[in-house]
Every structure is written in structure tokens, then in C-alpha cells.
Amino acid sequence: MKKVISVLLAIIMAFSCVVVACAAEDEISWEEIKMGGKRGDVNADGKISAVDALMVLKYVAGTQELTAKQMLRANMNQDAQGNVSAIDARQILQVAAGLTPS
Ligand SMILES: [Ca+2]
């Protein structure tokens, strides 16, 4: 009887680990981990705001540098070349204003 209970507990624990792993996957994706934050959250403060759009616009104007991870987060339209432009800033503002989902 003890063996049956042990096996059942092991199965329940293994299942709960799978459930926790799946839940964690929903919270943050591998891509977000690679980028060091959410797409659009250029300064990685946990919020997508006008400040992030301003950083992109300053980058486009040539008055601010962005790190490689900031470039990944700033590339809202995910163009293959990794270019960051005013279009990305506009999309960040749309998310910040709640006009489009993040
Ligand atoms: Ca931010």
C-alpha cells in the first residue's frame, strides 16, 4: 500500500511540475527572456510607455544609442533586418495608449 501511495505522490508531483512549467511559459516567453523584457519595453522598466517611444525616436534622430537588447525590444514590427524606426515608436505609443494590445 505504501508503494502505491508513493507512486501516486510521485505522479502528482511530476504532473504539478508540468503544470507550473506551462503556467510559467504563459507568463514570459523564451523570446522575452532573450530580449531581457517585453517587446516595446525598451528601457526594461516593466511598462510600455511614451518613455520607450521617446527612446526610439531619439535613436532614430541619432541622439541616443540603444544596446543590442534594447534594439530587440524596440523592434515592434519585428522586421527581419532588426531595423528600428519611427514606425516602431508609433506602435509603442499605440500600445502605451491602449489602442493596440502588447
Ligand atoms: Ca518601459
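Residue positions are given per chain, counting from 1 as you read along its sequence in written order. For a predicted model such as this one, the threshold for reporting local features is a pLDDT of at least 70, and the threshold for listing and counting side-chain atom pairs is 80 or more; totals across whole chains, interfaces and linings nevertheless cover every residue.

## Re helix α3 (residues 50-61)
Phase 1 of the analysis: Here α3 spans 16 Å end to end across 12 residues, near enough to the 16 Å set by a 1.5 Å rise per residue.
Phase 2 of the analysis: As a rule, residues whose C-beta atom has 12 or fewer other C-beta atoms within 10 Å are exposed, those with 20 or more are buried, and those in between are partly exposed; C-beta atoms are placed from the backbone. Numbering of helices and strands starts at the N terminus; helices are DSSP runs of H or I of at least 4 residues and strands are runs of E of at least 2. Buried within α3 we find Asp52, Ala53, Met55, Val56 and Tyr59. Down the axis of α3, the buried side of the element spans an arc of 155 degrees, and every buried residue falls inside it.
Phase 3 of the analysis: A pair of residues counts as a contact when their C-beta atoms, built from backbone coordinates, are within 7 Å of each other. Where α3 is buried, its residues touch α4 (68-74) and α5 (86-96).
Phase 4 of the analysis: Positive phi shows up at Gly62, right after α3, with a value of about 85 degrees. By definition here, a helix of n residues has an expected span of 1.5 Å times n minus one. Taken from the helix axis, the directions to the C-beta atoms give the arc we talk about.

## Here we look at unusual backbone geometry
Phase 1 of the analysis: For Ala44, which is not a glycine, the phi torsion comes out positive at approximately 55 degrees.
Phase 2 of the analysis: Among the secondary structure elements, Ala44 is positioned in the loop between α2 (30-35) and α3.
Phase 3 of the analysis: Here Ala44 falls in the partly exposed class, since 15 other C-beta atoms lie within 10 Å of it.

## Digging into the environment of Gln78
Phase 1 of the analysis: Along the polypeptide, Gln78 turns up in the loop between α4 and α5.
Phase 2 of the analysis: You can call Gln78 exposed: it has 10 C-beta atoms within 10 Å.
Phase 3 of the analysis: C-alpha of Gln78 to C-alpha of Asp88: the two residues are 10 residues apart in sequence and 9.0 Å apart in space.

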